[in-house]
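Analysis of the macromolecular model
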Amino acid sequence: MAKIIAVANQKGGVGKTTTAVNLACCVAAKGYNVLLCDFDPQGNASSGVGVNAQPGKSIYDCIIGGVPASDCLVRTKYCTALPADIRLAAAEVELADLPRRERRLKEALDSVKDQFDYVFIDCPPSLGQLTVNALTACDTVLVPMQCEYYALEGLSQLVSSIRMVKRSSNPHIDIEGIVLTMYDSRTNLTIQVAEEVKKYFGSKVFKTVIPRNVRLSEAPSHGMPVIAYDRLSRGAVAYSAVAEEFLKRGGNR
């Protein structure tokens, strides 16, 4: 049975999708059977592994139309994908009138999770109904966080949302860890924010940090994770190290 990890941060531009795609593909490269579930209406995680959702074959169709998740899986060279498309944006409104609205993603993933070792969910940059679905479906939450002041405020809001979901629909949810992204050790702000996060979250903060790296930015335009695009780049080396740390921390439960 798969361990399900939601990659979440309601703040945009922090490397959330980059982390979801590259961590999923790095774990898969180590021999594990991995599903990357794109739950962001922008669909960037899907295109990041070279997948464009086909009509009737996206996660939207699973949670709104009742299409079996097994019918929507796409095998890629890097991992298996459950793609998203722009219709997912409408799901925020449509879910409001549906029964078990916060459990739709969980029910979709429950039908296929036995096929995988890990399921990574790329969440939208908000704390709406889609993210609540992801938090209800997951075992743990991985938080990519850019080292800047506003990120600290956003982190406290996300922690509050996790507590709310823990009380209401997923009593077993836990924080997998926090990955510091776009890390620039030359700036005092980066170092100060990193120290502040470590003070509050201690060992939950991954030792490996993700540096700013041009190759990381270029890889999605080629529909490839960075380890396939340039495996010797700083970004590829960093995400491979994050994958190792993830597995050692108990990801391979």
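Presented here is an overview of the structure given in this document. (Residues numbered from 1 in each chain as written. Predicted model: local features only at pLDDT ≥ 70, side-chain atom pairs only at ≥ 80, totals over all residues. Heavy atoms only, no water.)

A closer look at helix H7 (residues 149–168)
A rise of 1.5 Å per residue sets the reference length of H7, with its 20 residues, at 28 Å; its end C-alpha atoms lie 30 Å apart and thus fit the reference within 8%. Taken together, the buried positions of H7 are occupied by Ala151, Gly154, Leu155, Leu158, Val159, Ser161, Ile162 and Val165. The arc that holds the buried residues of H7, viewed along the axis, is 165°, so those residues lie on one side. Opposite the buried face of H7, at more than 90 degrees from it, the exposed residues are Arg163, Arg167 and Ser168. Where H7 is buried, its residues meet helix H6 (129–137), strand E6 (140–146), strand E7 (174–181) and helix H8 (188–201). (Helix = DSSP H or I, 4+ residues; strand = E, 2+ residues; numbered from the N terminus. Expected span 1.5 Å × (residues − 1). Buried < 20%, exposed > 50% of the residue type's maximum accessible area, 1.4 Å probe, protein only. Arc of directions from axis to C-beta. Contact = heavy atoms within 4.5 Å.)

Remarks on the pattern of salt bridges
Enumeration according to the criterion identifies 16 salt bridges in this entry. Sharing partners across several salt bridges, the network here consists of Lys16, Asp40 and Asp122. (Salt bridge = Lys/Arg side-chain N within 4 Å of Asp/Glu carboxyl O.)

A look at the nonpolar core
In terms of nonpolar packing, the biggest core is built from 52 residues, with Ile59, Leu82, Leu109 and Ile121 touching the most fellow members. It is H7 that provides the largest number of residues to this core, a total of 6 residues. For Ile121, the residues in contact, after removing those within four places along its chain, are Ile4, Ile5, Ala6, Val7, Cys37, Phe39, Leu105, Leu109, Ala134 and Ala137. By size, the runner-up hydrophobic cluster in this structure holds 34 residues, among which are Val7, Leu36, Val51 and Val179. (Core = buried A, V, L, I, M, F, W, Y, C linked by side-chain atoms within 4.5 Å.)

Considering the sheet that holds strand E2 (residues 34–38)
Ordered in space as E3-E4-E2-E5-E1-E6-E7, the 7 strands form an open sheet in which the pairing is mixed. Looking at strand neighbours, the two that pair on one side only are strand E3 (74–75) and E7, the edges of this open sheet. Taken together, the 2 bridges between E3 and strand E4 (residues 80–82) define a ladder with antiparallel strand orientation. Paired with Arg75 across the strands is Thr80, a residue of E4. (Pairing = 2+ DSSP bridges.)

Quick notes on the side chain of Asp40
With respect to the secondary-structure elements, Asp40 resides in the loop between E2 and helix H2 (44–48). Apart from the residues lying within four places of it in its own chain, the contact partners of Asp40 are Lys16, Thr17, Ala84, Leu88, Asp122, Cys123, Pro124 and Pro125.

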